[in-house]
Each structure stands twice: as C-alpha cells, then as structure tokens.
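Descriptive structure summary
Listed here are the chains, written in short residue letters.
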Amino acid sequence: MSEKQSRAEAADARRQHIVQTAVICFIEQGFHQTSIRDIAKRAGVSLGNIYNHFDSKSALIAEIATIEASDLEKMQDALSAASPPRTALDSFVTRYLDYCSKPAHTALTVEILAEAVRDPKIADGFGQNRDHLLAALEGQIAKVQQDLKAENALAPQDCAEFILDLIEGLAMRAVFSGRKATDAEIKALRTAIDRIL
C-alpha cells in the first residue's frame, strides 16, 4: 500500500469517527446544545481536524443523511429483488420496523426532524432518502395489488406513504415507551397493511 493510499484511508477513518461521535453527541445532548468543540473533545481530535472534514454542524447532518441513504438503499434493493411481491413486502415491513425501532435511530430522527423544521435545507437529504424508499415500496405495492386484483384500491403511492407512517409510528411509540413492539402490535400493523392494500 502506498503512503498516499494510507493517508487517504486514515483520513477516511477519521472522518467516519467524527461522524459517529457527532451522532452520539446529537443523541445525548441535542443538535442545538452540541457544539463543534463538544464533538472535537469527545472524538479526541482538534477543532481544525473537524473543520478539515466538515465546515459546519449542518455538513455533519448532511453526511448522516448520506449514511442513512446507504442503509435504506440495501432495503430498497432487497424489496425490488425479492419475489413473490407479497413476500418481498412482508420482509420489508419486518426489516424496516427493526431499523426504525433502534432507540438511537429514533432519538436521532427526532433531533433531525426538529432541526429540519427550523432549517429546511437539513430536510433535503433525508427527504430524498424517503422519496427513494417510497418509490421502491410503491413499485412493489403495485405488483401486490396486481396479484390481488384489488378493485377500488388506494393508489400505490398513497399506500406506500401510509405503510411507512404506520411502521415509523409504531417504532417510535414503542421506543418512547422503552420497549420493543409487541407481537399484538406487529399483528395489528400487518392487518392494517392488508386493509390498505
């Protein structure tokens, strides 16, 4: 490995460490209460080192959106590749509920939503992530509805919106209650999805 390649890998590792530390700080202290100095101190790096990678807290949030996009892309790929369509949809519901049910994910989501209300630019990356997820889900729902020969069904786009809202809502409610979603709640979620389709 060349020296240049080693330096690039070290810089990338440092950047990832800064982002991971920022996420922890945002979860523990909130976005507004966390300063770049707090992140630097917790990460064990200089302020200058952080500013070499990110020019602001907003840039850190944008990087978090990029990481989320990568996580969601795996779910979108699995949703699109799996068959039959209903099996793919059921698998997605399980995976997305698990993803949204992580306490750290929920806490960070709440922080980002609150900040996005104040600064719409923050919402851009996360909004694009949701749009891509909705598009993949919408495509699979259209296939499910075609297989079901559903008459008077909601438009696949509306179904996708409702399904994501139901999953995210259940996950947040469970996390805020300090627990995982119960079997009864998951069964009710799946029943609601059946009715939406």
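See the structure printed just above.
Conventions adopted
Residues numbered from 1 in each chain as written. Predicted model: local features only at pLDDT ≥ 70, side-chain atom pairs only at ≥ 80, totals over all residues. Heavy atoms only, no water. Core = buried A, V, L, I, M, F, W, Y, C linked by side-chain atoms within 4.5 Å. Buried < 20%, exposed > 50% of the residue type's maximum accessible area, 1.4 Å probe, protein only. Contact = heavy atoms within 4.5 Å. Axes fitted to C-alpha atoms, helices over the stretch in contact; angles between N-to-C directions. Helix = DSSP H or I, 4+ residues; strand = E, 2+ residues; numbered from the N terminus. Parallel < 35°, antiparallel > 145°, perpendicular 65-115°, else oblique. Nonpolar A, V, L, I, M, F, W, Y, C, P; charged D, E, K, R; others polar. Phe/Tyr/Trp six-rings, centres within 6.5 Å; stacked < 30°, edge-to-face > 60°. Arc of directions from axis to C-beta.

Things to note about the nonpolar core
Note on soluble globular proteins: their nonpolar side chains tend to be buried together. Grouped together as the largest cluster of nonpolar side chains are 30 residues, with contacts concentrated most on Phe92, Tyr96, Leu137, Ile141, Ile163 and Ile167. Setting aside residues no more than four positions away along its own chain, Ile141 makes contact with Leu89, Pro156, Cys159, Ala160, Ile163 and Leu197. Counting 22 residues, the second largest nonpolar core, distinct from the first, contains Val19, Ala43, Ile122 and Phe126.

Examining the packing of helix 4 (residues 57-81) against helix 7 (residues 120-148)
Running from N to C, helix 4 and helix 7 point in directions that differ by 5°, and their axes come no closer than 8 Å. Taken together, the axes of helix 4 and helix 7 lie roughly parallel to each other. Facing Ser58, Ile61, Ile64, Ala65, Glu68, Ala69, Leu72, Gln76, Leu79 and Ser80 of helix 4, the residues of helix 7 in contact are Ile122, Gly125, Phe126, Asn129, His132, Leu133, Ala136, Leu137 and Gln140. Along the lines of polarity and charge, the residues of the contact of helix 4 with helix 7 split into eleven nonpolar, seven polar and one charged.

Topic: the packing of aromatic side chains
Here the structure, examined in full by the defined rule, presents three aromatic pairs. Look at Tyr96 and Tyr99: their rings are 6.2 Å apart centre to centre, the planes differ by 20°, and that puts the pair in the stacked class. Note that Tyr96 and Tyr99 are positioned in helix 5 (residues 85-100) at a spacing of three residues, about one turn of the helix. In terms of burial, Tyr96 and Tyr99 fall into one category: buried.

Some points on helix 2 (residues 36-43)
Side chains of residues three or four places apart in an α-helix project in the same direction, reflecting 3.6 residues per turn. Every buried residue of helix 2 is accounted for by Ile36, Ile39, Ala40 and Ala43. Taken around the axis of helix 2, the buried residues stretch over an arc of 100°, which confines them to a single face. Across helix 2 from its buried face, at more than 90 degrees, point the exposed residues Arg37 and Lys41. Taken together, the buried residues of helix 2 touch helix 1 (3-29), helix 3 (47-53) and helix 4. Where helix 2 ends, the next residue or the one after it, Gly44, has phi of about 75°, a positive value.

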